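Chain by chain, the residues:
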Amino acid sequence: MKLQGFLFLCLLFCAFADLTAQAGPPIFIDRIENIRFDGQVDEPEWDAIEPLPLVQYEPRAGEPPTERSEIRLAYDDRYFYISIRAFESHKNEVRATSLYRDRIAGSDHLEILLDTYNDNQTGYIFTTTPTGIRNDAEVFNDAIVSTVTQGGAFNRDFNTFWDAESVMDGQGWTAEMRIPFTSLRFQSVDGQVTMGIIVQRKVAHKNERLVFPAVPPITNWAFLRPSLAQKIIFTGISPSKTLYITPYLLGGYDRNFTLDQAGETYQENRATQWNVGGDVKYSITNNLTADFTINTDFAQAEADDQLVNLTRFSLFFPEKRQFFQERSAIFDFRTGGISRLFFSRRIGLTNTGDQVPIYGGVRMIGRSADWDFGLLNMQTQSLDTIPSENFGVLRLRKRVFNENSFLGGMFTSRIDADGNSNLAYGLDGLIRVSGDDYLTVQWAQAFDSRQAKGATEDFKNGRLALEMTRRRRQGLGYTLGTIFSGENYDPGVGFVDRENFKYFTALVSQTWLNQQGPFIFHTFQPFGNTFLDKRENRVISSEYGLEWVFTRRNQDSGGIRLTSVYERLTSEFGLAQDVVLPVGQYDFYRINFRYNQAIDRTMRTGVQFETGSFYDGWLHTLNISPGWYISKHLQLNLEYLYNYGRFDGRADRLNFQIARLRVGTALDRKLSLNGLFQYNGAQDIFSLNARFRYNFREGQDLWIVLNSGYNTDRMSTLPPLPSVNNQSVLIKYIHTFIFGIRRNP
């Protein structure tokens, strides 16, 4: 009960704040005609438009830019245009580090955030560089990462249809971005469309970010927060209904090994595969789209990262398949920690990551007035002992009280061909109480036909999460939260990291923003959390500590974290390399140091070192992540993790490495090769995922994908393991046909 009292005192202490509006009155965007879309920005029509007034966001917030910039906005019946004349006073200092789509780190760039629904919570991000590459992403939850519910803020795997062209010259660089209104989702009221926008230019060699409107650095990623955006107005937009038909043709070869029935030798299995299928996207209205998929395939998705689990709970792997990406935030329903009511990787993938064939499905998303709507239904084929299954999701959400608050609900279903079913529902809300203070409420309950009688009594199959937080970095901040999870809570289309517990957490922080000196900001924060067993009401685990985090004026960042940990094991817990922790109660202490160089450096590294006692032993962890943008044609990113632990009382040792090398190469904006090389020392596996792409145009791609896994310790078992664990080569051709049907004005 001491922690509950601490939460209450913290809440009283941190009750009031206010976030004043940063932007001015709405701006009417200029119509424009006769633009040559070539990146030159030399037409008189551009000169007739007043450029946006920019100020520094960093390193010195609110001060005038040190480099001249002219950013202008315009539109016509089909496109929203953004142009920039980015002047550079230092010769040869314009940085363009990549020709590979979605890789902008280290480059000068022009970036916009568009809150197309004007909901102050969600938006699209569009970015281009001096080489004209494109980066797009989605932002949700107002770019705030939740502490208790682990709510995300960005979907960087999102892609849509739009164009960018850039030119470098002796004065700097120029660029034009052209975004079709058919790629955006918006609502028209009385012939007008209101959106929110934040525009920025990054001057990489100075680590200087220029923004409009004058957003202050009051939170992380404040320049990507829809609630701080400038409102802009379009009149008379009536784009055509657009139908995208994207068939694919796939051919490939698979090779793997399985033990024979006697368990004495490994037999090689070879198979070829041919497949056809496709997707259809139809914009029913400006704010409602439908996606259909038949014989769905995700061959070009990047492989998952190799991970080792040193906790008692399930690992989480993010969704990378494109069909589930657009406005994925509408389906985001967290239930505390990394748990969620809907997790799209439950569809078409087993718990081990093996693919389950998908017959097809439909996905609809949209908005009407203050209502958000999402619908998903997918049908999978049977695979070995897994029967054919149907997955359904329905999501509704409505803005209430004020422009920053909503209430919503979700229903999910998973029904297999054998008649088994799992049904779940959830209710959630995000309420802006006052100023920067927000209350998050989430409740979910699941019903499984295979559960024993009484499984739903006393809400044993439910989960409740509450969080009160201040969404501001400057000054005094806090996060207070609790989670209650029943022993039988198990949504069939969701993800659950742990069950049957009570959880309480509190964090209080003080942040100083500085216009002068080495730090842009630094924060000091005490924190604490504890898990209790719901049956016995005893502490399962707890963690208390202090943390200091900072960002330097050169954009380097780091921190120091001191933690006291308690764990109570009621059963043996197996770690990697056959290390087993016995039943018992453990108190141990950890210290973590981390330092990351600015992402805009062409050569940079991040270093993290953690050491201290670990259960009844010691564990030392070193993580190094260097990156090198050698040229716009070649980038290297390495992640290296080394774990060394000893448990002298039992003569056990942990001693393993994980290495991950990403290689990005591009001849030009069309031809690229992306390689992911991974070594997992805990499992003695080396893997390769190589993806060759030729992009004829947007929506027309040729992919060649190689996946290989190799056993690096063949003699560890009898019979000896084969050298090759698995191997596949896939060739996939995708072609998008676009049909436009003019809407009536």
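Residues numbered from 1 in each chain as written. Predicted model: local features only at pLDDT ≥ 70, side-chain atom pairs only at ≥ 80, totals over all residues. Heavy atoms only, no water.

## Focus: the overall build of the protein chain
Reasoning step 1: Helix and strand content of the protein chain: two helices and 43 strands.
Reasoning step 2: Relative to the compact-globule value of 27 Å for 745 residues, the protein chain shows a C-alpha radius of gyration of 26 Å, a close match.
Reasoning step 3: Here the analysis covers contacts within the protein chain between residues at least 6 apart in sequence; of these, 60% occur between residues at least 24 apart.
Reasoning step 4: Accessible surface computed for the protein chain: about 32100 Å², of which carbon and sulfur atoms make up 56%.
Reasoning step 5: Across the protein chain, the centroid of the 78 positively charged side chains sits 2 Å from that of the 84 negatively charged ones. (Helix = DSSP H or I, 4+ residues; strand = E, 2+ residues; numbered from the N terminus. Rg over C-alpha atoms; globule rule 2.2 N^0.38 Å. Contact = heavy atoms within 4.5 Å. Areas by Shrake-Rupley, 256 points an atom, 1.4 Å probe, with all protein chains shown as cover. Lys, Arg positive; Asp, Glu negative; His and termini not counted. Charge placed at Lys NZ, Arg CZ, Asp CG, Glu CD.)

## Digging into a nonpolar patch on the surface
Reasoning step 1: On the surface, Trp-371, Leu-394, Leu-396, Phe-411, Ile-415, Leu-423 and Phe-447 cluster together into a nonpolar patch covering about 570 Å² of accessible area.
Reasoning step 2: Contributions of two or more residues to the nonpolar patch are made by β20 (389–399) and β21 (406–416).
Reasoning step 3: Note that Ile-415 resides in strand β21. (Patch = residues over 30% accessible without salt bridge, like charges linked within 9 Å, V, L, I, M, F, W, Y side chains within 5 Å. Salt bridge = Lys/Arg side-chain N within 4 Å of Asp/Glu carboxyl O.)

## A word on empty space enclosed by the protein
Reasoning step 1: Going through the model one piece at a time under the given rule, you end up with three cavities of 30 Å³ or more.
Reasoning step 2: Approximately 110 Å³ is the volume found for the largest cavity.
Reasoning step 3: Per-element accounting of the lining of the largest cavity gives the leading share, three residues, to β20.
Reasoning step 4: Per-class residue counts for the lining of the largest cavity are one nonpolar, four polar and eight charged.
Reasoning step 5: Of the pockets and cavities examined, the second largest cavity occupies roughly 90 Å³.
Reasoning step 6: For the second largest cavity, the full set of lining residues is Thr-116, Tyr-117, Thr-122, Gly-123, Tyr-124, Glu-138, Val-139, Phe-140, Arg-327 and Ala-329.
Reasoning step 7: Those elements that place two or more of their residues in the lining of the second largest cavity are β7 (123–128) and β8 (134–139). (1 Å grid on protein atoms, 1.4 Å probe; cavity = no way out; pocket = protein on both sides within 12 Å on 5 of 7 lines; lining within 4 Å. Points joined across faces, edges and corners; volume = space filled by probe spheres on them. Nonpolar A, V, L, I, M, F, W, Y, C, P; charged D, E, K, R; others polar.)

## Side note on the nonpolar core
Reasoning step 1: Judged by nonpolar contacts, the single largest core of 34 residues is most densely connected at Phe-80, Ile-82, Ile-112, Leu-114, Phe-126, Leu-184 and Phe-234.
Reasoning step 2: Those elements giving two or more residues to this core turn out to be β4 (69–75), β5 (79–87), β6 (109–115), β7, β11 (172–180), β12 (192–203), β13 (208–212) and β14 (230–235).
Reasoning step 3: Sequence-distant contacts of Phe-126, defined by excluding residues within four places in its chain, comprise Leu-110, Glu-111, Ile-112, Leu-114, Asn-135, Asp-136, Thr-160, Trp-162, Met-177, Ile-179 and Leu-184.
Reasoning step 4: Ranked by size, the runner-up nonpolar core spans 22 residues in total, among them Met-410, Ala-424, Tyr-489 and Val-496. (Core = buried A, V, L, I, M, F, W, Y, C linked by side-chain atoms within 4.5 Å. Buried < 20%, exposed > 50% of the residue type's maximum accessible area, 1.4 Å probe, protein only.)

## A closer look at the packing of aromatic side chains
Reasoning step 1: Tallied over the full model, the rule gives 32 aromatic pairs.
Reasoning step 2: With centroids separated by 5.9 Å and ring planes inclined at 75 degrees, the aromatic side chains of Phe-519 and Trp-548 adopt a geometry described as edge-to-face. With Phe-519 in strand β27 (residues 519–533) and Trp-548 in strand β28 (residues 539–552), this residue pair connects regions lying 29 residues apart in the sequence.
Reasoning step 3: For Trp-548, a relative accessible area of 29% gives the class partly exposed. (Phe/Tyr/Trp six-rings, centres within 6.5 Å; stacked < 30°, edge-to-face > 60°.)

## Notes on the environment of Ala-651
Reasoning step 1: When you line up the elements, Ala-651 lands in the loop between β37 (634–647) and β38 (652–666).
Reasoning step 2: Separated by 34 residues in sequence, Ala-651 and Gly-617 have C-alpha atoms that sit 9.9 Å apart.

## Looking at the confidence of the model for the protein chain
Reasoning step 1: Per-residue pLDDT for the protein chain has a mean of 87; in total, 94% of the residues score no lower than 70.
Reasoning step 2: Contacts for the low-pLDDT stretch residues 1–22, under 50 throughout, to residues beyond four places or in other chains number 44 contacts. (pLDDT = per-residue confidence, 0-100.)

## Let's talk about the sheet that holds β4
Remark on secondary structure: sheet strands pair via backbone hydrogen bonds, oriented parallel or antiparallel.
Reasoning step 1: Strand order in this open sheet of five strands is β2-β4-β5-β11-β10, and the pairing throughout is mixed. This sheet does not close on itself; its edge strands, each paired only once, are β2 (30–31) and β10 (163–169).
Reasoning step 2: When β4 meets β5, the two strands line up antiparallel, connected through seven bridges. Opposite Leu-73, over in β5, you have Ile-82 as the bridge partner. (Pairing = 2+ DSSP bridges.)

## Let's talk about the environment of Glu-63
Reasoning step 1: Take Glu-63: it is sitting in the loop between β3 (55–58) and β4.
Reasoning step 2: The class of Glu-63 is partly exposed, set by a relative accessible area of 27%.
Reasoning step 3: Placed 151 residues apart in sequence, Glu-63 and Ala-214 show a C-alpha to C-alpha distance of 9.7 Å.
Reasoning step 4: Leave out the neighbours within four places in its chain, and Glu-63 touches Val-55, Gln-56, Gln-515 and Gln-516.

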